[in-house]
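# Coordinate analysis (summary)
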Amino acid sequence: MATENLSAIVYGKNDLRLENRPIPEPGPNEVLLRMGQVGICGSDVSYLTKLAIGHFIVKSPMVLGHESAGTVVKCGEKVKHLKKGDRVAIEPGVPCRMCDLCKAGRYNLCQDVYFCATPPDDGNLCRYYKHAADFCFKLPDNVSLEEGALCEPMSVGVHACRRAGVFLGSSVLICGAGPIGLVNLLVAKAMGAAKVCITDLVENRLNLAKELGADHTLLVKSGSPEELAKQVEAAMGGCVDITIECCGAEPSICMGIYATKSGGVMVIIGHGPAEVKMPIINAATREVDIRGVFRYANCYPATLEMIASGKVNVKRLITHRFKLEESHQAFETARTGAGGAVKVMISCE
Ligand code: NAD
Ligand code: 572
Ligand code: ZN
């Protein structure tokens, strides 16, 4: 087996280095993986360019990458459900499994979690990586490693649509047509949403959203939140049942409240400023439920089924492909959005 483990490591602001690290030894309940595909997430770009997201600060060198899939090369002695050669999607957050939240099935809220590429935890943009075997999901033969890596952002969409209660016939507004808004569009449609309207500030993102099945798009360059909500209402034939906020900007959150029908739900995925001024009394007096979304729990199996059955074609989000050795160009493409970049994928093989 190889002895080198080339890894993409953030050392400082805009200081990304490709460096060899030791190949880890899997513990009894872990598997060693040869990494296949790793998608670049906005959070990887933030850690590289700002060394921080909120209170999470890169204080020592950290391997980037958490949207990933690979192939099992070695199993710990207690691993039963996987074998050498199996290709897997890697769920990047491994919780403690013992606290009340873990036991209640809400392990995404566990305080004692290892989450790839959230400081201080290393990610898996590297050649070899070990992971808890029970957070690795075997890919069916017809699902590629790229699709395995896309299970991660897609699971955010599955969790959000579940939290929002998307159902047969729902009318849905999605704010923001980045990768997260787009996976929500695909998942909401697959869960039976009858009509989806999606917003963005950037025209080419809305064009992709149309190709992916959006019924209406709204360019939100100007207009107050109330005015924009009226435009959504006009396009959708009334206020929407559900709003899925995927950008975190204050005007977008306000618009989402106004556009949601009384008794409806707005879920907030996007993270902008820590404090936001919003018409909460408008929401309260109309019983618009506002729900948070934090990553996902128990979503990988359904996500994989949706991909394997062909009900969701998530591969269409990939706009650019690079090799691990080309990580600098890959991150520059993701950072600038050059060439209409949406999802940038890195091959580690
Ligand atoms: P992104 O930056 O690629 O996409 C955001 C999109 O929103 C962009 O296309 C941008 O043009 C658009 N936008 C900005 N202001 C807008 C406005 N006022 N109205 C409409 N659109 C607007 O990011 P992404 O990768 O798609 O992620 C979206 C958000 O979700 C980020 O804030 C990210 O941190 C967050 N996120 C949260 C979770 C979670 O668990 N809650 C998980 C993943 C991502
Ligand atoms: O795919 C997981 C993921 N989660 C994101 C962003 C991008 N990708 N979140 C937004 C930032 N938060 S956080 O709590 N944090 C830095 C840990 O502010 C996590 C969820
Ligand atoms: Zn992410």
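A few points on the structure. In this text, all values refer to a predicted model and were calculated from it rather than measured experimentally.

Judged by side-chain polarity, Ile280, Ile281 and Ile290 come together as a nonpolar surface patch covering roughly 260 Å² of accessible area. Looking at the element boundaries, isoleucine 290 is found in strand S18 (residues 289-292). Taking relative accessible area as the criterion, isoleucine 290 reaches 32% and is therefore assigned partly exposed.

Further remarks concern the packing of aromatic side chains. Throughout the structure, instances matching the rule amount to three aromatic pairs. Ring geometry for tyrosine 107 and phenylalanine 135: centres 5.6 Å apart, planes at 85 degrees, overall edge-to-face. Taken as a pair, tyrosine 107 in the loop between helix H2 (100-103) and strand S10 (114-115) and phenylalanine 135 in the loop between strand S11 (128-132) and strand S12 (136-138) lie far apart in primary sequence, 28 residues in all. The two residues tyrosine 107 and phenylalanine 135 agree in class, both being buried. Judged by centre distance (5.9 Å) and plane angle (55 degrees), the rings of tyrosine 296 and tyrosine 300 are tilted. Residue tyrosine 296 is classed as buried on the basis of its relative accessible area, which comes to 3%. Take tyrosine 300: its relative accessible area is 0%, and that puts it in the buried class. One aromatic cluster is present, built from ring pairs that chain together Phe137, Tyr296 and Tyr300.

This part takes up the coordination of the zinc ion (ligand 3). Coordination of the zinc ion (ligand 3) by the protein involves Cys41 (SG) and His66 (NE2), with metal-donor separations of 2.1 to 2.4 Å. One can describe the donor arrangement at the zinc ion (ligand 3) as irregular, given that its four donor atoms subtend angles of 71 to 160 degrees at the metal. Of this pair, cysteine 41 sits in the loop between strand S3 (30-39) and helix H1 (42-50) while histidine 66 sits in the loop between strand S6 (62-63) and strand S7 (67-75), and the two are 25 residues apart along the sequence. Given the relative accessible area of 18%, cysteine 41 is considered buried.

Another point: the packing of helix H3 (residues 145-164) against helix H9 (residues 300-308). For any two helices packed against each other, the geometry comes down to the angle between their axes and how far apart the axes lie. Direction vectors running N to C along H3 and H9 enclose 115 degrees, while the axes themselves pass 8 Å from each other. Overall, the two elements H3 and H9 adopt an arrangement that is roughly perpendicular. Where H3 crosses over H9, the two elements pack in a sense that is right-handed. Judged by residue contacts, Glu147, Cys151, Glu152, Met154, Ser155, Val158 and Arg162 of H3 engage Tyr300, Ala302, Thr303, Leu304, Met306 and Ile307 from H9. Classifying every residue of the contact of H3 with H9 gives eight nonpolar, two polar and three charged.

Parameters and conventions
Residues numbered from 1 in each chain as written. Chains lettered and ligands numbered in written order. Predicted model: local features only at pLDDT ≥ 70, side-chain atom pairs only at ≥ 80, totals over all residues. Heavy atoms only, no water. Patch = residues over 30% accessible without salt bridge, like charges linked within 9 Å, V, L, I, M, F, W, Y side chains within 5 Å. Areas by Shrake-Rupley, 256 points an atom, 1.4 Å probe, with all protein chains shown as cover. Salt bridge = Lys/Arg side-chain N within 4 Å of Asp/Glu carboxyl O. Helix = DSSP H or I, 4+ residues; strand = E, 2+ residues; numbered from the N terminus. Buried < 20%, exposed > 50% of the residue type's maximum accessible area, 1.4 Å probe, protein only. Phe/Tyr/Trp six-rings, centres within 6.5 Å; stacked < 30°, edge-to-face > 60°. Donors = N, O, S within 2.8 Å, 3.2 Å for Na, K, Ca; no water. Tetrahedral: all angles 85-135°; square planar, octahedral: opposite > 155°, others 65-115°. Axes fitted to C-alpha atoms, helices over the stretch in contact; angles between N-to-C directions. Parallel < 35°, antiparallel > 145°, perpendicular 65-115°, else oblique. Left-handed = near helix turned anticlockwise from the far one by under 90°. Contact = heavy atoms within 4.5 Å. Nonpolar A, V, L, I, M, F, W, Y, C, P; charged D, E, K, R; others polar.

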